[in-house]
Amino acid sequence: MLRERILTALVLAPLVLCSILFLPMIGFEIAMIGVLGLGAWEWANMSGFVTRQTKAVYTFIIVAICGYFTFAIDVENIWYQGQLNSLYHYILGTAALWWFISLLMIIAYPRFSSFWRTRRGIQGLFGLLTLIPTWVAIVSLRTSLYDVDSFYGASLIFYVLGIVWAADIGAFFVGVKFGRTKLRPKVSPGKTFEGLMGGVGASSLIIAFAALHYAVDPSRIWINILIGGLTVAVSALGDLNESMLKRCAGIKDSGNLLPGHGGILDRIDSLTAAFPVFAFCYVSWMA
């Protein structure tokens, strides 16, 4: 399993790097639609859509919404930039609210879960609130100051990836070595409080390095720490949320597309929470 995980990562990492840095913007947007389309298919499976037809319809809805945004922005240019920014900000704000609700669901689980776990429509709505804002967040960050510096947005994406991956790695190793106190055993038995603290510590190093590298004004360091810390905390929420849905569906992995890793959602679950919340905070307080 470890060998498969490493080999898969060695293939995926260069693809991700090249896509973020070198794809033209419309190509990047379409590539992200493809990734989230695969995630939508897996989400449909977790939500109880059992036939290929219903899974395809659900996936098409999410792909079509993101595709319409791409068409409107890059082909027809039917929205003024200000209107587009307002729409994106509204979507990201809705996502931030959804992740707060998700936190309450995880704290309460399994109480009240019978209301939504047997209703495919409600779980499907959860997917819309998760996957569409993720696309909006990634595209918003990638296009940030694009006319001034075409790689500035890429650096924002790498920043989020860096702190989330550092948190995952720190949580894994600290959790394995020192983990004793279960975080939410009814949701994800393997997650521990010690692992969470290890993840926060590891990500803090990335946050501090970024602040030094970009020579952040001392008066604004606190807001960088706040947003970075919030992003890391919410990334753990994304992981727990998917674990909760998989537990309700009675499955271990969201899919089997990635050898050694499971499905697409198993790899991006943390990012589906981290990107929208970071982008919302960035647009609100830092842009």
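Notes on the structure follow. (Residues numbered from 1 in each chain as written. Predicted model: local features only at pLDDT ≥ 70, side-chain atom pairs only at ≥ 80, totals over all residues. Heavy atoms only, no water.)

Turning our eyes to something else, we now look at the packing of helix α8 (residues 193-213) against helix α9 (residues 221-249). Direction vectors running N to C along α8 and α9 enclose 140°, while the axes themselves pass 10 Å from each other. Crossing angle aside, the handedness with which α8 passes α9 is right-handed. Contact residues: L196, V200, S203 and I207 in α8; N224, I225, G228, G229, V232 and A236 in α9. Class assignment of the residues belonging to the contact of α8 with α9 gives a composition of 6 nonpolar, 4 polar and no charged. (Axes fitted to C-alpha atoms, helices over the stretch in contact; angles between N-to-C directions. Helix = DSSP H or I, 4+ residues; strand = E, 2+ residues; numbered from the N terminus. Left-handed = near helix turned anticlockwise from the far one by under 90°. Contact = heavy atoms within 4.5 Å. Nonpolar A, V, L, I, M, F, W, Y, C, P; charged D, E, K, R; others polar.)

In this section: helix α2 (residues 25-46). Between the first and last C-alpha of α2 there are 31 Å, a value that for 22 residues agrees with the 32 Å anticipated at 1.5 Å per step. In the stretch just after α2, G48 is the one whose phi turns positive, near 95°. (Expected span 1.5 Å × (residues − 1).)

Okay, α8 next. Here α8 spans 30 Å end to end across 21 residues, near enough to the 30 Å set by a 1.5 Å rise per residue. For α8, the elements touching its buried residues are α7 (152-178), β2 (188-192) and α9.

Here we come to the pattern of salt bridges. A complete count under the given rule lists 4 salt bridges for this structure. Measuring nitrogen to oxygen at the nearest pair gives 3.9 Å for the salt bridge that ties K252 to D253. Exposure remark for D253: the relative accessible area of 32% places this residue in the partly exposed category. Linked through salt bridges whose partners overlap, the residues forming this network are E242, K246 and D266. (Salt bridge = Lys/Arg side-chain N within 4 Å of Asp/Glu carboxyl O. Buried < 20%, exposed > 50% of the residue type's maximum accessible area, 1.4 Å probe, protein only.)

With that settled, consider unusual backbone geometry. Between Y109 and the following residue, P110, the backbone shows a cis peptide bond with an omega angle of 10°. Tracing the backbone shows P110 in the loop between α4 (81-108) and α5 (113-117). Positive phi outside glycine occurs at L145, with the angle close to 50°. Examined against the element boundaries, L145 turns out to sit in the loop between α6 (120-142) and α7.

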